[in-house]
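Residues per chain are reported as follows:
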Amino acid sequence: MNPWEALAAAFGLANIVLLARRSVWNFPCGMAMVAILAGVFWQGRLYAVAGLQGFFFLAQAHGLWSWLRAPAANGEVAVRRLPRRGWPVVIASGAVASVLLALLLAQTDAAAPIPDGAVAGWSLVAQLLTNLRMIESWPLWVGINIVSIGLYASQSLWVTAALYVVFLAGALWSWQLWRRALPR
């Protein structure tokens, strides 16, 4: 087992538990996880998800700043719904980013251009929705995690694949918790 992959998984577990509970402390754990995973993915020739970790690091920093400015009365972060008119933008953005990344990766020695590009493209969109505290980020994370499990298993990144099984469960759990936290 790669010790770096195991360390990233430990930070990832802390991240998902804290995120589901809407704690701003999820972000420092997430920043440590993605910094480590960038190297793990690069070594595995998963270039899009390796580069995605840089975006995630910046997004985690932005999320920390954003969430510190948006607490509810009880100290937890308030969540909200994406307006209906936002869905076409979300779907188009995820699809275009995925296709463009897959086409770019196909020009390299990338191990799995299509799923690598899809995970990266859709993750960009889902992370932005998470930072905006939109509950609709969670069904996107469910789909992303399912594809990620297969991608990482196909590259023998077993610890990371197992982490994404936990992330899948965490996304389902978080979706439920955030639904309950929506303003009535």
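Check the entry above for the structure.
So, here is what we can say about the structure in this document. (Residues numbered from 1 in each chain as written. Predicted model: local features only at pLDDT ≥ 70, side-chain atom pairs only at ≥ 80, totals over all residues. Heavy atoms only, no water.)

Brief notes about the overall build of the chain
Reasoning step 1: Looking only at helices and strands, the chain features seven helices and zero strands.
Reasoning step 2: Counting from the amino terminus, the chain carries its helices and strands in the arrangement α-α-α-α-α-α-α.
Reasoning step 3: Considering only C-alpha atoms, the chain reaches an extent of 50 × 35 × 25 Å along its principal axes.
Reasoning step 4: Out of the 184 residues belonging to the chain, those deemed buried represent 47%.
Reasoning step 5: Sequence-distant contacts, at least 24 apart, represent 71% of the contacts inside the chain between residues at least 6 apart.
Reasoning step 6: With an accessible surface of roughly 9,000 Å², the chain has 70% of that area assigned to carbon and sulfur atoms.
Reasoning step 7: Charge separation in the chain, taken as the distance between the mean sites of 12 positive and 5 negative side-chain charges, equals 17 Å. (Helix = DSSP H or I, 4+ residues; strand = E, 2+ residues; numbered from the N terminus. Buried < 20%, exposed > 50% of the residue type's maximum accessible area, 1.4 Å probe, protein only. Contact = heavy atoms within 4.5 Å. Areas by Shrake-Rupley, 256 points an atom, 1.4 Å probe, with all protein chains shown as cover. Lys, Arg positive; Asp, Glu negative; His and termini not counted. Charge placed at Lys NZ, Arg CZ, Asp CG, Glu CD.)

Brief notes about the packing of helix α4 (residues 87-105) against helix α5 (residues 113-131)
Reasoning step 1: Interhelical geometry of α4 versus α5 gives an angle of 145° and a closest axis separation of 7 Å. The chirality of how α4 crosses α5 is right-handed. For the pair α4 and α5, contact is made by Val90, Ile91, Ser93, Gly94, Ala95, Ala97, Ser98, Leu101, Ala102 and Leu105 and by Pro113, Ile114, Asp116, Gly117, Ala118, Ala120, Gly121, Trp122, Val125 and Leu129, respectively. (Axes fitted to C-alpha atoms, helices over the stretch in contact; angles between N-to-C directions. Left-handed = near helix turned anticlockwise from the far one by under 90°.)

Notes on the environment of glycine 63
Reasoning step 1: Within the fold, glycine 63 resides in helix α3 (residues 47-68).
Reasoning step 2: What makes glycine 63 buried here is its relative accessible area of 0%.
Reasoning step 3: Expressed as a C-alpha distance, the spacing of glycine 63 and asparagine 131, which sit 68 residues apart in the sequence, is 4.9 Å.
Reasoning step 4: The residues touching glycine 63, leaving out its near neighbours within four places in the chain, are Phe27 and Asn131.

What about the nonpolar core?
Reasoning step 1: Formed by 50 residues in total, the largest nonpolar core has its most connected members in Phe41, Trp138 and Tyr152.
Reasoning step 2: For this core, the secondary structure elements donating two or more residues are α1 (3-20), α2 (26-43), α3, α4, α5, α6 (137-154) and α7 (158-181). (Core = buried A, V, L, I, M, F, W, Y, C linked by side-chain atoms within 4.5 Å.)

Comments concerning the pattern of salt bridges
Side chains that carry opposite charge are capable of pairing whenever their charged atoms lie near each other.
Reasoning step 1: Taken as a whole, this structure holds one salt bridge when the rule is applied.
Reasoning step 2: With a shortest N-O distance of 3.4 Å, glutamate 136 and arginine 81 are connected by a salt bridge. Of this pair, glutamate 136 sits in the loop between α5 and α6 while arginine 81 sits in the loop between α3 and α4, placing them 55 residues apart in sequence.
Reasoning step 3: The buried category is assigned to glutamate 136, whose relative accessible area is 7%. (Salt bridge = Lys/Arg side-chain N within 4 Å of Asp/Glu carboxyl O.)

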